[in-house]
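# Topology and contacts: notes
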Amino acid sequence: MGFRSLALGCGGYLPERILTNADLAKSLDTSDEWIVQRTGIRQRHVAADGEFTSDLGTHAARRALAAAGVNPEEVDLIVVATSTPDQTFPATAAKIQANLGVTHGAAFDVQAVCTGFVYALAVADNFIRAGQSKTALVIGAETFSRILDWKDRGTCVLFGDGAGALVLRAVPSNGSAAERGVLSTHLHTDGSHHDLLYVDGGPSSTGTTGHLRMEGKEVFRHAVQRLAEVVDEALTANSLTGAQIDWLVPHQANRRIIEAMGKKLGLSNDKVVLTIDRHANTSAASVPLALAEAASDGRIRPGQLVLLEAMGGGLTWGAALLRW
Ligand code: ACO
């Protein structure tokens, strides 16, 4: 008898301040029409001065713990996916742990840009499967507004700030796909494309924070191909077909990519969780924010099959299949 990671509850947090496409068009050569047509984005949330990634992550974590009915004291593992940590070190996970009043267990960050949450989920799931953790908090938290070049219309219109969190609990498992919990995770990286999406600064290179740079068209091309592959991989690993998936919860980078994935799986649009119109691309936070929204409004119900997928800088990509 082994262990499986049961999803107990999730929560999301978005900063108060909203920046609409029309707001951006006041100081940038862009339009609501261009942004909506190419991406599906209508607005994004932006963190306040002095509001850090750890603050966003802490709010999301508290909401997830409340939804799960879990006391922070029970958490023995915190994995935070972020590419926008408060500081180079300590890990943002350590600061969130402190905010939660916890002083035991392990807390660390993983960095796989927009695929970060799927990576963090895989790490936590493997800790649980190995019997090393009983209650894990998996968080995606970002303040991409701090690394955007607000003069570059090709990138600054695409991103937003936010955080999402998921509580996992180790439960005994006989390995059957009929059981609730994380069924499988699938991670990939091809570092030869690291220059398609990157930040042009860092502690070891320039000594500055830097700004996000992206070859949007090329990333788009890779995303469609790689996401289709990894979604197939997840289905095959569990002897499932696309039509058996109850909910697709994709990374929210571009509405056209999301719709292409839904179509590939043969899912109607109402089975695909979309937040990009209101949240934009919140990188590692986008999947758990979407998950939290669809779980809290009652769309995702216990026993249903939920497929997560994401693609990001690295290039990294991955998928996770859960029975909720
Ligand atoms: N407003 C108006 N015009 C714009 C804007 C803007 N905000 N941005 C670019 N343009 C212009 C360009 O200058 C260009 O003009 P030109 O033809 O005169 O040169 C034209 O619009 C077309 O630009 P493209 O970049 O070719 O537009 P495209 O259709 O490729 O859309 C986009 C760009 C939305 C970025 C798309 O490529 C995309 O979504 N890429 C994928 C991004 C992604 O998936 N990222 C995932 C990971 S994110 C992460 O990991 C952090």
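Since this is a predicted model, take the numbers as computed values, not measurements.

What counts and how
- Residues numbered from 1 in each chain as written.
- Predicted model: local features only at pLDDT ≥ 70, side-chain atom pairs only at ≥ 80, totals over all residues.
- Heavy atoms only, no water.
- Near = heavy atom within 4 Å.
- Polar contact = N/O pair within 3.5 Å; in protein donor to acceptor, adjacent residues only side chain to side chain.
- Areas by Shrake-Rupley, 256 points an atom, 1.4 Å probe, with all protein chains shown as cover.
- 1 Å grid on protein atoms, 1.4 Å probe; cavity = no way out; pocket = protein on both sides within 12 Å on 5 of 7 lines; lining within 4 Å.
- Points joined across faces, edges and corners; volume = space filled by probe spheres on them.
- Nonpolar A, V, L, I, M, F, W, Y, C, P; charged D, E, K, R; others polar.
- Domains from an automatic or database assignment.
- Phe/Tyr/Trp six-rings, centres within 6.5 Å; stacked < 30°, edge-to-face > 60°.
- Helix = DSSP H or I, 4+ residues; strand = E, 2+ residues; numbered from the N terminus.
- Buried < 20%, exposed > 50% of the residue type's maximum accessible area, 1.4 Å probe, protein only.
- Salt bridge = Lys/Arg side-chain N within 4 Å of Asp/Glu carboxyl O.
- Pairing = 2+ DSSP bridges.
- Axes fitted to C-alpha atoms, helices over the stretch in contact; angles between N-to-C directions.
- Core = buried A, V, L, I, M, F, W, Y, C linked by side-chain atoms within 4.5 Å.
- Contact = heavy atoms within 4.5 Å.
- Buried area = accessible area lost by both parts, 1.4 Å probe.

## Overview of the site of the ligand
The immediate surroundings of the ligand are formed by 27 residues, with Thr 30, Arg 38, Cys 114, Arg 153 and Asn 254 found nearest. Thr 30 places a polar side-chain atom, nitrogen or oxygen, 2.6 Å from a nitrogen atom of the ligand. With respect to the ligand, the backbone of Gly 216 contributes an N or O atom lying 3.0 Å from a nitrogen atom. Protein burial of the ligand: of its 1000 Å² of free accessible surface, 75% is covered by the chains.

## Side note on the layout of surface pockets
Here the largest pocket defines a volume of roughly 830 Å³. Within the lining of the largest pocket, the residues separate by chemical class into 12 nonpolar, 16 polar and 3 charged. Mapping the lining of the largest pocket onto the domain boundaries places at least three of its residues in each of domain 1 (2–173) and domain 2 (181–323). By volume, the second largest pocket is sized at about 620 Å³. Leu 158, Met 214, Gly 216, Phe 220 and Asn 254 are the residues nearest the centre of the second largest pocket, which is lined by 29 residues in total.

## Re the packing of aromatic side chains
A ring pair, where both rings are aromatic, is described by two values, the distance of the centres and the angle of the planes. Scanning the entire structure with this criterion turns up 2 aromatic pairs. Residues Phe 108 and Phe 127 carry aromatic rings whose centres are separated by 6.0 Å and whose planes lie at 40° to one another, so their mutual orientation is tilted. Separated by 19 residues along the polypeptide, Phe 108 in strand β5 (residues 106–110) and Phe 127 in helix α5 (residues 116–129) bring together distant segments of the chain. Here Phe 127 falls in the partly exposed class, since its relative accessible area comes to 22%.

## Observations concerning the pattern of salt bridges
Oppositely charged side chains may form a pair once their charged atoms are brought near each other. Evaluation of the coordinates by the stated rule reveals 16 salt bridges. Ionic pairing is found between Glu 179 and Arg 4, a salt bridge with its closest N-O pair at 3.1 Å. Highlighted residues: Glu 179 in the loop between β7 (161–173) and β8 (181–189) and Arg 4 in strand β1 (residues 2–13), separated in sequence by 175 residues. For Arg 4, a relative accessible area of 4% puts it in the buried group. Note that Asp 149 is salt-bridged to Arg 213, the shortest N-O span being 2.9 Å. Within this pair, whereas Asp 149 is found in the loop between β6 (135–143) and α6 (153–156), its partner Arg 213 is found in strand β10 (residues 212–214), the two being separated by 64 residues in sequence.

## Regarding the sheet that holds strand β4 (residues 77–81)
Overall, mixed pairing links the 5 strands, which are arranged β1-β7-β6-β4-β5 in an open sheet. Taken across any chain shown, the strands that pair with only one partner, and hence form the sheet edges, are β1 and β5. With strand direction ignored, the average angle separating the axes of adjacent strands in the sheet is 20°. Taken together, the 11 bridges between β1 and β7 define a ladder with antiparallel strand orientation. From the neighbouring strand, Ser 5 faces β7, where its bridge partner is Ala 170.

## Things to note about the nonpolar core
Nonpolar side chains in soluble globular proteins generally cluster together in the buried interior. Counting 45 residues, the largest nonpolar core has Val 157, Leu 227, Leu 248, Leu 265 and Leu 307 as the members making the most contacts within it. Elements supplying a minimum of two residues to this core: α7 (216–237), α8 (255–265), β12 (305–312) and β13 (316–323). The element best represented in this core is α7, accounting for 8 residues. Sequence-distant contacts of Leu 307, that is, excluding residues within four places in its chain, are made with Val 231, Ala 234, Ile 245, Trp 247, Leu 248, Val 249, Leu 265, Ala 319, Ala 320 and Leu 321. Of all hydrophobic cores here, the second largest spans 34 residues; its members include Val 118, Val 138, Leu 166 and Leu 168.

## Re the domain arrangement of the protein chain
On domain assignment, one finds that the protein chain holds domain 1 (2–173) and domain 2 (181–323). Distance between the C-alpha centres of domain 1 and domain 2: 14 Å. Taken together, the contact pairs 50 residues of domain 1 with 47 residues of domain 2. Across the domain 1 to domain 2 interface the summed buried area is about 3700 Å²; carbon plus sulfur atoms make up 67%. Counting every contact that joins domain 1 to domain 2 gives 21 residue pairs in polar contact (both at pLDDT 80 or more). For the side of domain 1 that touches domain 2, the elements supplying multiple residues, two or more each, are β1, α2 (32–39), β3 (43–46), α5, β6 and β7. Here the residues of the side of domain 1 that touches domain 2 are counted per class, giving 25 nonpolar, 15 polar and 10 charged.

## Some details on unusual backbone geometry
Glycine aside, the phi torsion of most residues is negative, and most peptide linkages are trans. The omega angle of the peptide bond from Phe 89 to Pro 90 is 5°, so this bond is cis rather than trans. A positive phi angle, near 50°, is found at Val 113, a position not held by glycine. With respect to the helices and strands, the residue Val 113 is situated in the loop between β5 and α5. Under the relative-accessibility criterion, Val 113 is labelled buried at 18%. Of note in the backbone geometry, Ala 280 takes a positive phi value of approximately 60° without being a glycine. Structurally, the position occupied by Ala 280 is in the loop between α9 (276–279) and α10 (286–296). Since its relative accessible area comes to 0%, Ala 280 is described here as buried.

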